[in-house]
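Architecture at a glance
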Amino acid sequence: MYSVEVFPWNKNFEIGVALIDEQHQKLVDLLNVLAGHLVHQSDMPTLANVFKDLFDYTICHFQAEETIWHTVFPEDTWEANHKSDHSRFLTKVNTMMGEQNISPSDQVVEEIITFLTQWLAFHILDTDMRMAKVVLAVQSGVPLNKAKEQADQEMSGAMRVLIETMLSMYDSLSSRTMQLAKEVIERQKAEQASLDALDRLQKIASQVPGLVFQFQLFPDGSSRIPYANEAIRTIYRISPEEVRADAGKIFACLHPDDLENFKTSFKVSARDLTPWRQEYRLQFDDASVCWLFGNALPQQQTDGSVLWHGFITDITRQKQDEVDLRIAATAFELQDAMLVTDANKVILKVNQAFTRITGYSAEETIGKTPHMLSSGRHDRAFFAQMWETINSTGVWQGEIWNRRKNGEVYPEWLIITASKEAYDMSKRVNNYVASFSDISSRKAAEEEIRQLAFYDPLTRLPNRRLLQERLKHSIEVDRREGKQLALLMLDLDRFKVVNDSCGHLAGDELLQQVAARISARLRDVDMVARLGGDEFVVLLEDITHQEDAARLAEEIIAALNKPFQLNQNNDVQIGVSIGISLHPEHGDGYGALMDHADAALYQAKHNGRGCYAYFSEEQTLAARERIALETRLRHAIKQGELRVFYQPQVNIESGRIVGAEALVRWLDPVEGLIPPLRFIPIAEETGLILEIGAWVLRETCRQGKQWLDAGFPPLTLAVNVSPHQFRRGDISALVATALNETGFPAKHLELEMTESGLMENQGNVTALLNQLRAQGIRLAIDDFGTGFSSLAYLKHFPLDVLKIDKSFIDDIPHLQDDMEIAATIIAMGHILGFKVLAEGVETLEQLEFLQEKGCDIYQGYFKSPPVPAEAFAELLLDQIFGEASRESKIGLSHQFVSLTV
């Protein structure tokens, strides 16, 4: 804190009361602090804090002093006057402090200092001294009034004159003291400013990236360097002291080729007093060379010399960069196409090779992004992976397809590099540099080599080598995923006759047409290869059933039995024999499967040619039987051999028939009734189930409407829906059409879906069920408990009926587990708001158990097996006749007969 003693404390100022003398001295110290801040030109906020300290301290001092006086002058005019003086003091100080916002700070401080000086002189040396004498006299035993008289005598007259004289002297001395202090402070500040400026210049000179210097050239040709910063040690490898008197060592460092130009440049600058600017080289003993650039301003001196002030920078790196740029510019225009983008992938520059390859000029490209070249062959995942590699490693290279300006798509080898500033600590990307070359020719050559290595040159089909690789890979996949594959070995019948009689060119043409016909019947995942001659092999991957191979074999046999039209000949006709081996049944490796397919081919030829054979005779017979049954089923659908049977569904509580499940049956004219287990799986595999399901739905609705028209009580007719119908997604429209065409009320139709069918179509099944429910039909889940669903999950479906699978009913009451499962399903189904129907009820014990557990409905042989519509109608009549009068029975019977005839 600043302090100037304008009022030095003296022992003669002490009044004799220790506490008051100590506080008076502190008050004097604050006065001197104020003077110090005035001298040092402190700002108003700082002075305000000093004012506040003075004000706070004065209050504290006055309170302490008044406490002491009060002990001696209680209720005395001296005490009252003293308090009034204190009060006026505080008021005056407070007023002057308040003027600091409207008056200059120097003026306010000077007024306070003057006031405090006068206060200290008169109040301390007069009033306080007078009262202190009374206090000391009273303490020594003198009566108060007597002590007051003595004090007045001592402090009157000459003492007053002395105080005024001393005050005048202090005022003059304090003013001069502050003036001198101000002058000293200002001089110190000026000196410090000069030192600071010099220090800043020296620091700047030391931090300048180069040499800051003065160079002086005299008329006689001698020279010196009066000033050089420390950079001279690094650049010239000499110290500033070595050239302060003679600059000769500087010239010794110059490159011989640049020495004369260097000296001439200074002479010209001295003669014309023009700025000196020069690029030159230094050559050192270790053969290293550095480039420098100098820039200085000349100043004529009185002695005839010229003094330059300037700086020199090392431009060696800049020169190397220029060389590198020239090399880069040359490289930029080489054969590879190049483009440069900014950090946002906006193109900044392209070379001529870019225009030659892409067809786009620089004007058409700059300002756009490389997306303009996109071929559309790569998805987002490809580019996401590419940019992830660039951002993590700084570079990516690989093969990519782009599009030329004319629309042609071509392959290129692309390298993208992220360019970052070496000295940027954030490592931000400034630019991306891409170079690429058209590899169409290389790709074509590779493809030609690949064709020669892996493809038959005549048919363009894979050859034996590629078949072997593909088959090995497929076996590994099947092994890992538990799938099946089939190998079909084909040998053309009568091909040798055509080749010998029509010539080899005709034979080659025939083989090409055979390859085309076989390929046309394969899926994308399948493969046909030519082994040589007239031998072909078909690889079928991921087959569902063994018969799939036989089915394709029959298609190929039929296709190749048709005549072939050759260019130079009439129609020719051949045939084909096919041997089939299966993985993993007939072998677990390439060799075994090929050998077994060849053995099966031999068997097919032995059986009369123009046919197929499995490696296993039993499989051959089973496949032929299954395919024959498929053919008969297609014929049965067209000839109307299918029938709908109805199995009653009975209310357990009332014992009345409340509905029926519609079940399809096949009535073959020769074989008779064919069980569903024989033909339904084939219908599912071949897709015929869609046609059968649609027919059953229409037929059931038609029959239900007929029974209603005949006067039968309303029944709920349940129709099974195949998972294939759900996958097709048009089941809702199919139901709407059937109801509209037949007039059967939607509320009496119930669709039954298997648990597995619901689970495998979770993605869209809820939406379909809601569409069906919106039409007013009922929905049931069939065979519950045989899949992987849960009752908790089923609550999300808009279902009405839960059907307990027959497998849980068969062993009731003999198997406790099945009884507990059935009871649990009934209870949970009711909790979820479903009606529960038990399938396969065949005994009274089963029915009584279900009745005890609260099951709602049952169906099974205990009531009736599935029966034709006429037999089901008789069951309904028996139920009705048991309640109606004799006349009603006769009328209803006649009405029914008239409608069913």
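An account of the accompanying structure is given in this report.

Conventions adopted
Residues numbered from 1 in each chain as written. Predicted model: local features only at pLDDT ≥ 70, side-chain atom pairs only at ≥ 80, totals over all residues. Heavy atoms only, no water. Helix = DSSP H or I, 4+ residues; strand = E, 2+ residues; numbered from the N terminus. Buried < 20%, exposed > 50% of the residue type's maximum accessible area, 1.4 Å probe, protein only. Contact = heavy atoms within 4.5 Å. Areas by Shrake-Rupley, 256 points an atom, 1.4 Å probe, with all protein chains shown as cover. Axes fitted to C-alpha atoms, helices over the stretch in contact; angles between N-to-C directions. Parallel < 35°, antiparallel > 145°, perpendicular 65-115°, else oblique. Left-handed = near helix turned anticlockwise from the far one by under 90°. Nonpolar A, V, L, I, M, F, W, Y, C, P; charged D, E, K, R; others polar. Pairing = 2+ DSSP bridges. Right-handed = clockwise from strand over helix to strand, strands pointing away. Phe/Tyr/Trp six-rings, centres within 6.5 Å; stacked < 30°, edge-to-face > 60°. Core = buried A, V, L, I, M, F, W, Y, C linked by side-chain atoms within 4.5 Å. Expected span 1.5 Å × (residues − 1).

1. Comments concerning the overall build of the protein chain
What the protein chain contains, in helices and strands, is 31 helices and 24 strands. Put simply, the protein chain has 901 residues, and 44% of those count as buried. Taking all contacts inside the protein chain whose residues are at least 6 apart in sequence as the whole, residues at least 24 apart take part in 61%. Accessible surface, the protein chain: about 46,300 Å² in total, of which carbon and sulfur atoms supply 53%.

2. Section: the packing of helix α15 (residues 464-481) against helix α19 (residues 590-606)
Axes are the key here: two packed helices are described by the angle between their axes and the distance separating the axes. Axis separation between α15 and α19 bottoms out at 10 Å; the angle between their running directions is 115 degrees. Relative to α19, the element α15 lies roughly perpendicular. The crossing of α15 and α19 is right-handed. On α19, the residues that touch Arg 464, Leu 467, Gln 468, Leu 471, Lys 472 and Ile 475 of α15 are Tyr 590, Leu 593 and Met 594. Classifying every residue of the contact of α15 with α19 by side-chain character gives 6 nonpolar, 1 polar and 2 charged.

3. Quick look at the sheet that holds strand β13 (residues 535-541)
Strand order in the open sheet formed by 5 strands is β12-β13-β11-β14-β15, and the pairing between neighbours is mixed. The open sheet has two edge strands, β12 (527-532) and β15 (612-614), and neither has a second partner. Taken over all neighbouring pairs, the strand axes of this sheet differ in orientation by 20 degrees on average, direction set aside. Note: strand β11 (residues 485-493) against β13, 7 bridges, orientation antiparallel. Bridging across to β13, Ala 486 finds its partner in Leu 540. The strands touched by helix α17 (residues 504-520) are β11, β12 and β13; relative to β13, the strand with the most contacts, the crossing angle is about 15 degrees.

4. Quick word on the pairing of strand β23 (residues 835-838)
Sheet analysis places strand β22 (residues 801-804) next to β23, joined by 4 bridges and oriented parallel. Residue Lys 803 lies in a different strand from β23, and its bridge partner there is Leu 837. One crossover worth recording links β22 to the parallel β23 by way of helix α28 (residues 816-831), and it is right-handed. With 2 bridges connecting them, β23 and strand β24 (residues 857-858) associate as parallel partners. Among the inter-strand pairings, Leu 837 is bridged to a residue of β24, identified as Ile 857. The handedness of the β23 to β24 crossover, carried by helix α29 (residues 844-853), is right-handed.

5. Quick notes on the environment of Arg 665
Checked against the element boundaries, Arg 665 lands in strand β17 (residues 657-668). Its relative accessible area of 15% is what places Arg 665 among the buried residues. On a C-alpha basis, the gap between Arg 665 and Val 644 in space is 6.0 Å, while along the polypeptide they are 21 residues apart. Residue contacts for Arg 665: discarding those within four places in its chain leaves Glu 641, Leu 642, Arg 643, Phe 645, Leu 673, Pro 676, Phe 679 and Pro 866.

6. Details of the packing of aromatic side chains
The description of two aromatic rings rests on the distance between their centres and on the angle between their planes. Summed over all chains, the structure comprises 20 aromatic pairs. Between Phe 262 and Trp 276, the aromatic rings sit 5.9 Å apart at their centres with planes inclined by 85 degrees, giving edge-to-face as the arrangement. With Phe 262 in helix α9 (residues 259-272) and Trp 276 in strand β3 (residues 276-283), the pair connects residues that are 14 residues apart, well separated along the chain. For Phe 262, a relative accessible area of 4% translates into the label buried. Judged by relative accessible area, which is 1%, Trp 276 ranks as buried.

7. Considering the nonpolar core
Core analysis: the largest hydrophobic core is formed by 78 residues, its most contacted members being Leu 749 and Leu 751. The element that contributes the greatest number of residues to this core is helix α22 (residues 688-709), accounting for 7 residues. If near-sequence neighbours (up to four positions away) are discounted, Leu 751 is found in contact with Leu 697, Val 719, Val 721, Val 735, Leu 772, Ile 777, Arg 778, Leu 779 and Ala 780. Core analysis: the next-biggest nonpolar cluster, separate from the first, contains 41 residues, Leu 54, Phe 62, Phe 115 and Val 135 among them.

8. Some thoughts on the sheet that holds strand β8 (residues 395-403)
Spatial ordering of the open sheet is given by β7-β6-β10-β9-β8, a layout of 5 strands whose pairing is antiparallel. A strand with exactly one partner marks an edge of an open sheet, and here the two such strands are β7 (347-350) and β8. Pairs of neighbouring strands in the sheet enclose a mean axial angle of 25 degrees, with direction left out of account. For strand β6 (residues 337-342) and β7, the ladder comprises 3 bridges, and the chain directions are antiparallel.

9. Concerning α17
With 17 residues, α17 extends 25 Å between its outermost C-alpha atoms, agreeing within 8% with the 24 Å of an ideal straight helix rising 1.5 Å per residue. Every buried residue belonging to α17 is among Ala 506, Gly 507, Glu 509, Leu 510, Leu 511, Val 514, Ala 515 and Ile 518, and all of these are buried. Residues of α17 that are buried in the fold lie against β11, α16 (495-502), β12, β13 and α18 (547-561).

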